[in-house]
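# Tertiary structure, described
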Amino acid sequence: MRVMIVGGGGREHALGWKMARSPLVEDIMFVPGNGGAQEIGECVEADMGNDGELTGIAALHGIDLTVIGPEAPLVAGIVDEFNDRGMKVFGPSADAARIEGSKHFAKDLMEKHGIPTGRARLFTSFEDAREYVESTPAPLVVKADGLAAGKGVIIAKDTDAAVEALSECMVKRAFGDSGSRVLVEEYLEGPEVSILSLTDGKGVVHMVPSQDHKRAYDGDEGPNTGGMGAYSPVPLLDGDTEAGIQRSVMEATVEAMAGEGTPCRGVLYGGIMLTGDGPRVLEFNVRFGDPEIQAVLPRLDSDLVPGLLATIDGTISDCEMEWLPEYCVCVVVASGGYPGKYVTGIPITGLRAASSDSNVEVFHAGTRLEDGKLVTAGGRVLNVVALGKDFENARGLAYQAVHMIDFEGMQYRTDIGYSAAGRG
Ligand code: AMP
Ligand code: GLY
């Protein structure tokens, strides 16, 4: 079959890399893809905001299966467009994507169905929200209701910071319309894990857990980012707790959504905090985590494509996934200045040497080819991924590869998977 992957990050390159190994796949096209995806298949530019553009491209190229990577087109209803034209697409309807697109929708669903999460209140007026935070002990977490590219969550250590956060969201509109409605949530503490589960709206198949490193600098210091690295498995998550999350969070949420008449198809991603009082959901997403999936797919021994198709065909319960026992570490190499301002167009060298080990893959995120040369094109530039017999081995291989790569200003964390290595 002919596959089209929508998106241009490391997640989409990794999905393409895995799907290209499937005997079911004839060729793969990316919209828009990146400098690395180009080695797997044709990369086509498109105006994603334009109704009918993606379905038009899929029809023109005789695409049999489209996989949507990022959240924005899902929330905007791209899957409904494909379904209306009778074309196979991996992902949820716009109605189901509200579980990611509206934190209020997600919170309401969880409260109604007893899915464990932090207590929160919704506000549509700045004055009401301010009154509430002034009478509630800090720390508090202020969350813009809508999509905010991972930036709409502000941890306020004291009341002044909470009022400032509310003002940023609701008065200054730092996140546009996403901040017209705001949740104020109780502050929770504990390590976080990401659980990715494939679902056809009824049945669920869980992938192996992973952990993301969200802060920019070593030791979890500095600003939040889209993710500076990830690893899998997660040794601190014991089997019983994992099974509990699978049942009481992931499967319970799939059931709740079906019960509400908005079945969730595709992948459900639970961002879970392991608090002293048990697991609590921080957020749900309806796409693969980036960079989590880059650390999960190399461990998948079976073909991914039947799993993706089963979410569409309603046969996920017949689907099994086999996992390798190896440990995987993914180090994100970013542009100098990320997540703040950075420049692009900087030449990248050393990639061939970096990926020469058979246990190492370099997935591209923000790269593009310019006159045949690879240059930087975004904040997160490369994902260096290694598989090893334990975390130390995987970390050693990944960082050895990172050291072979060079571009001006490149930055990365040196402690990806470090704390896990102590326990793994
Ligand atoms: P979210 O986009 O909701 O996952 O939030 C982004 C990050 O903010 C999470 O990965 C957590 O590190 C942090 N966070 C979100 N909600 C809370 C909370 N209630 N308490 C403490 N930290 C939180
Ligand atoms: N790595 C976090 C996310 O994909 O949302």
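The structure presented is a predicted model; accordingly, all values stated were derived computationally and were not measured.

Our focus in this paragraph is the packing of helix H5 (residues 94-101) against helix H6 (residues 103-113). One can describe the packing of H5 onto H6 by two numbers: an axis separation of 6 Å at closest approach and a directional angle of 95°. The angle between H5 and H6 falls in the class roughly perpendicular. Two secondary-structure elements touch here, H5 through Asp95, Arg98, Ile99 and Gly101 and H6 through Lys103, Phe105, Ala106 and Leu109. In terms of residue class, the contact of H5 with H6 is made up of four nonpolar, one polar and three charged.

Another point: a negative patch on the surface. Together, Asp128, Glu131, Glu134, Asp158 and Asp160 give the surface a local cluster of negative charge. Position of glutamate 134 among the secondary structure elements: in helix H7 (residues 126-134). The class of glutamate 134 is partly exposed, set by a relative accessible area of 49%.

Our next topic: the side chain of glutamine 411. Checked against the element boundaries, glutamine 411 lands in the loop between helix H13 (391-404) and helix H14 (418-423). At a separation of 2.7 Å, a polar atom in the side chain of glutamine 411 contacts the main-chain carbonyl oxygen of tyrosine 338. When neighbours within four sequence positions are excluded, glutamine 411 is seen to be in contact with Tyr217, Met228, Val332, Val333, Ala334, Ser335, Gly336, Gly337 and Tyr338.

Glancing now at the pattern of salt bridges. Using the criterion set out here, one finds 20 salt bridges in the structure. The shortest N-O distance in the salt bridge between glutamate 192 and lysine 214 comes to 3.8 Å. Here the residue glutamate 192 occupies a position in strand S10 (residues 192-200), and lysine 214 occupies one in the loop between strand S12 (211-212) and strand S13 (215-217), the gap between them amounting to 22 residues. Exposure remark for glutamate 192: the relative accessible area of 33% places this residue in the partly exposed category. Given a relative accessible area of 29%, lysine 214 falls into the partly exposed group. The shortest N-O distance in the salt bridge between lysine 389 and aspartate 390 comes to 4.0 Å. Aspartate 390 sits in the partly exposed class, given a relative accessible area of 26%.

Here is what the cut-offs are and how they apply
Residues numbered from 1 in each chain as written. Chains lettered and ligands numbered in written order. Predicted model: local features only at pLDDT ≥ 70, side-chain atom pairs only at ≥ 80, totals over all residues. Heavy atoms only, no water. Axes fitted to C-alpha atoms, helices over the stretch in contact; angles between N-to-C directions. Helix = DSSP H or I, 4+ residues; strand = E, 2+ residues; numbered from the N terminus. Parallel < 35°, antiparallel > 145°, perpendicular 65-115°, else oblique. Contact = heavy atoms within 4.5 Å. Nonpolar A, V, L, I, M, F, W, Y, C, P; charged D, E, K, R; others polar. Patch = residues over 30% accessible without salt bridge, like charges linked within 9 Å, V, L, I, M, F, W, Y side chains within 5 Å. Areas by Shrake-Rupley, 256 points an atom, 1.4 Å probe, with all protein chains shown as cover. Salt bridge = Lys/Arg side-chain N within 4 Å of Asp/Glu carboxyl O. Lys, Arg positive; Asp, Glu negative; His and termini not counted. Charge placed at Lys NZ, Arg CZ, Asp CG, Glu CD. Buried < 20%, exposed > 50% of the residue type's maximum accessible area, 1.4 Å probe, protein only. Polar contact = N/O pair within 3.5 Å; in protein donor to acceptor, adjacent residues only side chain to side chain.

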